[in-house]
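Geometric and topological summary
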Amino acid sequence: RGLELNQNNVQECIYKGLPVIQGNAETELYQFPKQSFDYVVLSQTLQAFYQPDKVLRELLRIGKSVIVSIPNFGYWKVRTSLLFFGKMPVTKTLPNTWFNTPNLHMCTIKDLFNYCEDQNIMIKKVIGVNENKISIIKKNNLEVKNLFSKLGVFLIG
């Protein structure tokens, strides 16, 4: 079952036979009962919410486990673009310019990792993705993986 904000995406899902309702995760997750799903997936949208912490709490309430993927603003190419060119980069994983981006909160893998630890959210597994390579991220390699991963995928619960 899916929750999607964009009407065109809702229609596309329905066309493909996927059960989906149109809605905003920031305001409508309360409708789902506690622990009503084994897994809840939030794919590359956490950074676009006004209150990402509220959304995470709701996801953890309705799912036994939550999979969250984020574009990594700590990736070395993003950092060097800011350093050398002085402007927000446009990349495959960050395809929008600064004025039309849906991203409100520039989050890194390290930020989300530390947030989960600070909030006592169990981190079951973290994977860094770069091109077609994946790697496991743990506390002892967090700095390096934060620098060299385009995306972070968290399994929390």
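Residues numbered from 1 in each chain as written. Predicted model: local features only at pLDDT ≥ 70, side-chain atom pairs only at ≥ 80, totals over all residues. Heavy atoms only, no water.

This part is about the overall build of the chain. Scanning the chain from N- to C-terminus turns up 6 helices and 7 strands. The secondary structure elements of the chain, listed N-terminal to C-terminal, are β-α-β-α-β-α-β-α-α-β-β-α-β. Rg of the C-alpha trace for the chain: 16 Å, near the compact-globule value of 15 Å for 157 residues, within the 12% margin. Here the C-alpha coordinates of the chain stretch approximately 45 × 35 × 30 Å along the principal axes. A total of 157 residues make up the chain; the buried ones form 36% of that total. Sequence-distant contacts in the chain: of pairs separated by 6 or more residues, those separated by 24 or more amount to 66%. For the chain, the computed accessible surface area is about 9900 Å², with 56% contributed by carbon and sulfur atoms. Here the chain carries 19 positive and 12 negative side-chain charges, and the mean point of each set is 7 Å from the other. (Helix = DSSP H or I, 4+ residues; strand = E, 2+ residues; numbered from the N terminus. Rg over C-alpha atoms; globule rule 2.2 N^0.38 Å. Buried < 20%, exposed > 50% of the residue type's maximum accessible area, 1.4 Å probe, protein only. Contact = heavy atoms within 4.5 Å. Areas by Shrake-Rupley, 256 points an atom, 1.4 Å probe, with all protein chains shown as cover. Lys, Arg positive; Asp, Glu negative; His and termini not counted. Charge placed at Lys NZ, Arg CZ, Asp CG, Glu CD.)

Here 6 bridges tie strand 3 (residues 37–43) to strand 4 (residues 63–71), and the two strands are oriented parallel to one another. Its bridge partner being in strand 4, Y39 is matched across the sheet by S65. As for the winding sense of the linkage, the β-α-β connection from strand 3 through helix 3 (residues 52–62) to strand 4 is right-handed. (Pairing = 2+ DSSP bridges. Right-handed = clockwise from strand over helix to strand, strands pointing away.)

The complete set of buried residues in helix 3 reads P52, V55, L56, L59, L60 and I62. The inward-facing, buried residues of helix 3 contact helix 2 (25–28), strand 3, strand 4, helix 5 (109–118) and strand 7 (151–156).

The next point concerns the environment of G157. Inspection of the secondary structure assignment puts G157 in the segment after strand 7. In sequence terms G157 and I121 are 36 residues apart; their C-alpha atoms lie 6.5 Å from each other. Among all residues touching G157, those that are not within four sequence positions of it are L60, K64, S65, I121, M122 and K124.

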